[in-house]
Amino acid sequence: MTDPIAAWHAEHVYFKRLLDLLHKQVDVFSTGQRPNYELMLDILHYLRHYTDQFHHPREDVAFARLARHCPDMKLTLDRLTQEHRVIARAGTTLLKYLEEATAEAVIPLAEIEVAAATYLVYYGNHIAREEEDVLSRAAQVLTADDWEAVRAAVPVGHDPLFGDHPEERYREVRRQIALEA
Ligand SMILES: [Fe+2]
Ligand SMILES: [Fe+2]
C-alpha cells in the first residue's frame, strides 16, 4: 500500500507546482501584458474541483484524528481546517473572474490581480504550515484505524491532472509543468 504520508506530501508538491505557474501569470500583470487567463482558469478549475473536494476533506479527517492524539496541536489544526473553507471560497471567486475574463467580459484587471495574488500567498502559506507542522507529527501518531478513516472520508477520486489518465483540458497545464521541470 502507498505510504499515506508520502502520497500526502506528493500532492503538496503537485499543488506547489501549480501555484508557481499561477505566480508566473500574476507576475505578468505588472508588465501590462495580458496574462494567460486560459491557463490560470485550468489551474483554478483543478484546484477547485480536485483539491477542494478530495485532498481537503481527507485532511479535515486527518486533522481531527491528529487533534485527539495531540491536544497541543488543536489550535493549529482548527486554523488549517478553517483555511480549507477560505481557500474554497476564494477559489470560487477567482474562478468566476477567470471564466468571465476568458469569455471576454470586461472585468477590472485589478480585481483579478488582487484575487489571484491573495489566493496564491494564502494557499502557499497553508501548504507550508501543513508540511512544517503537521505531516511529521501525523506520521508519528496516526494509527492504521485513523488512516482508514481518512481514506473513507471521500471516495477515491481520479486525479484528472497528475493521475494516470489526465484529462484533455489539462494538456496545456501539463505542458507548462514539463517546461518548468
Ligand atoms: Fe490543507
Ligand atoms: Fe494539504
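All of these numbers come straight from a predicted model, not from anything done at the bench.

S.K.: Honestly, the packing of helix 2 (residues 37-69) against helix 6 (residues 171-180) in this entry has me stumped. Any pointers?
M.R.: Helix-helix packing: each pair is described by the crossing angle between the helix axes and the interaxial distance. Running from amino to carboxyl end, helix 2 crosses helix 6 at an angle of 100°, the nearest separation of the two axes being 9 Å. When the interaxial angle is binned, helix 2 and helix 6 end up roughly perpendicular. Contacts from Leu 39, Asp 42 and Ile 43 of helix 2 reach helix 6 at Glu 172, Val 173 and Gln 176. When the residues that make up the contact of helix 2 with helix 6 are grouped by side-chain class, the tally is 3 nonpolar, 1 polar and 2 charged.

S.K.: Help me understand the coordination of the iron ion (ligand 2), please; the structure alone is not making it clear to me.
M.R.: Each donor-metal-donor angle would ideally measure 109.5 degrees in four-coordinate tetrahedral geometry, or 90 or 180 degrees in six-coordinate octahedral geometry. Only His 12 (NE2), His 55 (NE2), Glu 59 (OE) and Glu 130 (OE) from the protein coordinate the iron ion (ligand 2), and they sit 1.9 to 2.2 Å from it. Taken together, the 4 donor atoms coordinating the iron ion (ligand 2) span angles of 78 to 170° at the metal, a pattern that classifies the geometry as irregular. A separation of 3.2 Å is found between the iron ion (ligand 2) and the iron ion (ligand 1), both of which receive a donor from Glu 59. Taken together, the positions of His 12 in helix 1 (residues 4-29) and Glu 130 in helix 4 (residues 109-141) put the pair 118 residues apart, joining distant regions of the chain. For the pair His 12 and Glu 130, one class covers both residues: buried.

What counts, and at which threshold
Residues numbered from 1 in each chain as written. Chains lettered and ligands numbered in written order. Predicted model: local features only at pLDDT ≥ 70, side-chain atom pairs only at ≥ 80, totals over all residues. Heavy atoms only, no water. Axes fitted to C-alpha atoms, helices over the stretch in contact; angles between N-to-C directions. Helix = DSSP H or I, 4+ residues; strand = E, 2+ residues; numbered from the N terminus. Parallel < 35°, antiparallel > 145°, perpendicular 65-115°, else oblique. Contact = heavy atoms within 4.5 Å. Nonpolar A, V, L, I, M, F, W, Y, C, P; charged D, E, K, R; others polar. Donors = N, O, S within 2.8 Å, 3.2 Å for Na, K, Ca; no water. Tetrahedral: all angles 85-135°; square planar, octahedral: opposite > 155°, others 65-115°. Buried < 20%, exposed > 50% of the residue type's maximum accessible area, 1.4 Å probe, protein only.

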